[in-house]
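Examining the three-dimensional arrangement
The lines below spell out each chain.
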Amino acid sequence: MKQGTIIKIISNQYTIHSKEEEIIATPRGKMRRDGAPVVGDQVEYEYIEGSYRIHRVLPRQNRLLRPAMANVDQALIVTSMKDPDFSEHLLNRLIFLISLAHVEPIICVTKVDLYDKDAEKQFTWYEKAGYTVVYSYPGSDDEDLKTILSGKISVLCGQSGAGKSSLLNRLDPDFQLQTQEISKALGRGKHTTRYCQLHPILDGWVGDTPGFSSLDFSRLDLSEMDKVIKDFQPYLGKCRFSDCRHLKEPDCAVKQAVENGEINPVLYEDYRQIREEFS
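Residues numbered from 1 in each chain as written. Predicted model: local features only at pLDDT ≥ 70, side-chain atom pairs only at ≥ 80, totals over all residues. Heavy atoms only, no water.

The helix and strand inventory of the protein stands at eight helices and 13 strands. Burial statistics for the protein: of 279 residues in total, 49% are counted as buried. Of the roughly 14200 Å² of accessible surface on the protein, 46% is carried by carbon and sulfur atoms. (Helix = DSSP H or I, 4+ residues; strand = E, 2+ residues; numbered from the N terminus. Buried < 20%, exposed > 50% of the residue type's maximum accessible area, 1.4 Å probe, protein only. Areas by Shrake-Rupley, 256 points an atom, 1.4 Å probe, with all protein chains shown as cover.)

And the structure:
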């Protein structure tokens with residue numbers, strides 16, 4: 001039995017990469033019924049009767065629901081300041097989703113050339129909390145980003161039109177990924193990526209995936225949500241109640257930090273809304 005990593009899925013065709021080969025396989029029927037493998041999965045496979053078959057998915061380090069990927073080291077949240085306009089609420093929700101999957105979120109701001117440099121002040125909250133923020137634009141050398149991606153399995157996520165495919169094309173022109181102009185009539189990006197795939201880059205892999213169309217927290221366990229948010233971590237364990245949810249409880253250290261200007265108030269409000277709606 002051989003082992004490899006799923007790097008691309010198109011319909012029922014699973015491309016598997018190993019040190020020895022790169023092949024296309026299909027999962028066993030029972031595996032398709034119980035839950036098909038996703039990109040990033042480590043699998044066992046073998047050649048049987050003229051075709052390759054996937055027999056087993058090895059234990060996962062983590063799992064993202066959308067985009068459907070496994071064993072991811074970090075997620076680059078690609079967000080633009082213009083076309084489409086920057087949304088702090090969307091960025092916060094992506095940070096929450098990624099952190100809940102136990103994946104490290106990294107904020108990558110694109111189209112830096114299209115907005116006033118003072119707009120970078122909006123990201124001071126995130127840098128203060130401990131998130132890595134990098135800036136990218138056409139013509140930049142992207143050295144910070146290359147260092148971050150080197151040797152890692154990364155996924156690019158974010159709203160359609162934020163520049164994910166363009167960013168990958170700049171990092172490595174061989175990607176030759178399809179890009180499109182923003183649809184001015186719709187005021188939002190058209191989907192340019194048709195399927196999920198890992199691309200080799202800088203001794204690692206990067207995933208380019210279809211843009212997020214919805215942010216669903218309804219299927220997630222939010223009981224530990226406060227523990228994965230970097231902004232809250234310095235204040236955990238300092239509330240009056242050990243099981244404080246940081247909503248309406250008295251003597252809450254997190255709420256006090258918000259009032260004192262130590263925690264991003266917009267991020268806290270997004271946290272509060274999600275906890276009250278889905279908990």
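Right, let's get into the nonpolar core. Membership of the largest hydrophobic core comes to 60 residues, with the highest contact counts inside it found for Phe96, Ile107, Phe123 and Tyr126. The element best represented in this core is helix α2 (residues 88–100), accounting for seven residues. In contact with Phe96, not counting residues within four places along its chain, are Phe217, Met225, Ile229, Leu267, Asp270, Tyr271 and Ile274. One finds Leu76, Ile148, Leu156 and Leu167 within the second-largest nonpolar core, a separate group that totals 14 residues. (Core = buried A, V, L, I, M, F, W, Y, C linked by side-chain atoms within 4.5 Å. Contact = heavy atoms within 4.5 Å.)

Moving on: the environment of Ser99. Relative to the helices and strands, Ser99 is located in helix α2. A sequence separation of 24 residues divides Ser99 from Ala75, and the C-alpha atoms of the two residues are 9.4 Å apart. Not counting residues up to four positions away in its chain, the partners in contact with Ser99 are Pro105 and Val228. Only 2.8 Å separates the side chain of Ser99 from the backbone oxygen of Ile95, close enough to count as a polar contact. (Polar contact = N/O pair within 3.5 Å; in protein donor to acceptor, adjacent residues only side chain to side chain.)

Our next topic: the packing of aromatic side chains. Taken as a whole, this structure holds 10 aromatic pairs when the rule is applied. Ring geometry for Phe123 and Tyr135: centres 6.1 Å apart, planes at 85°, overall edge-to-face. A residue pair is termed long-range when its members are at least 10 positions apart, and Phe123 in the loop between β9 (104–110) and α3 (124–129) and Tyr135 in strand β10 (residues 132–135) qualify at 12 residues. Note on Tyr135: relative accessible area 25%, which makes it partly exposed. Clustering of aromatic rings is evident, with ring pairs tying together Phe86, Phe123, Tyr126, Tyr131 and Tyr135. One Lys or Arg, Lys230, reaches over the ring of Tyr131 and ends 5.8 Å from the middle of that ring. (Phe/Tyr/Trp six-rings, centres within 6.5 Å; stacked < 30°, edge-to-face > 60°. Lys NZ or Arg CZ within 6 Å of the ring centre and 35° of its normal.)

Right, let's get into the environment of Arg93. Tracing the backbone shows Arg93 in helix α2. It is 9.6 Å that separates the C-alpha atoms of Arg93 and Asp216, two residues lying 123 residues apart in sequence. A distance of 2.9 Å separates polar atoms of two side chains, one belonging to Arg93 and the other to Asp270. Within the structure, Arg93 has its side chain in polar contact with the side chain of Gln273 (distance 3.3 Å).

The next point concerns α2. Spanning 13 residues, α2 covers 18 Å between terminal C-alpha atoms, matching the ideal 18 Å at 1.5 Å per step. The element α2 is extensively covered by neighbouring structure, given that 11 of its 13 residues are classed as buried. If you check which residues of α2 are buried, you get Glu88, Leu91, Asn92, Arg93, Leu94, Ile95, Phe96, Leu97, Ile98, Ser99 and Leu100. (Expected span 1.5 Å × (residues − 1).)

We now examine the state of the cysteines. Within this structure, the stated rule accounts for zero disulfides. For Cys244, which is in no disulfide, the shortest distance to another cysteine sulfur is to Cys252 and amounts to 3.8 Å. You can call Cys244 buried: its relative accessible area is 7%. (Disulfide = S-S within 2.5 Å.)

For the rest of this paragraph, the subject is the side chain of Glu88. Residue position: Glu88 is located in helix α2. For the buried Glu88, no salt bridge is present, and the opposite-charge side chain at shortest range is Arg93, 10.0 Å distant. Reaching out from Glu88, the side chain makes a polar contact with the side chain of Asn264 at a distance of 3.2 Å. Beyond its immediate stretch of four places on either side in the chain, Glu88 contacts Tyr126, Asn264, Val266 and Asp270. (Lys, Arg positive; Asp, Glu negative; His and termini not counted. Salt bridge = Lys/Arg side-chain N within 4 Å of Asp/Glu carboxyl O.)

Look at α2 against helix α8 (residues 265–278): their axes get within 10 Å of each other, and the N-to-C directions meet at 60°. Read as a crossing pair, α2 and α8 show a hand that is right-handed. From α2, Glu88, His89, Asn92, Arg93 and Phe96 reach across to α8, where they touch Val266, Leu267, Asp270, Tyr271, Gln273 and Ile274. Its residues assigned to classes, the contact of α2 with α8 shows five nonpolar, three polar and three charged. (Axes fitted to C-alpha atoms, helices over the stretch in contact; angles between N-to-C directions. Left-handed = near helix turned anticlockwise from the far one by under 90°. Nonpolar A, V, L, I, M, F, W, Y, C, P; charged D, E, K, R; others polar.)

Attention now moves to helix α5 (residues 164–171). Of all eight residues making up α5, six are buried, and the element is well covered by its neighbours. Here α5 has its buried residues at Lys164, Ser165, Leu167, Leu168, Asn169 and Leu171.

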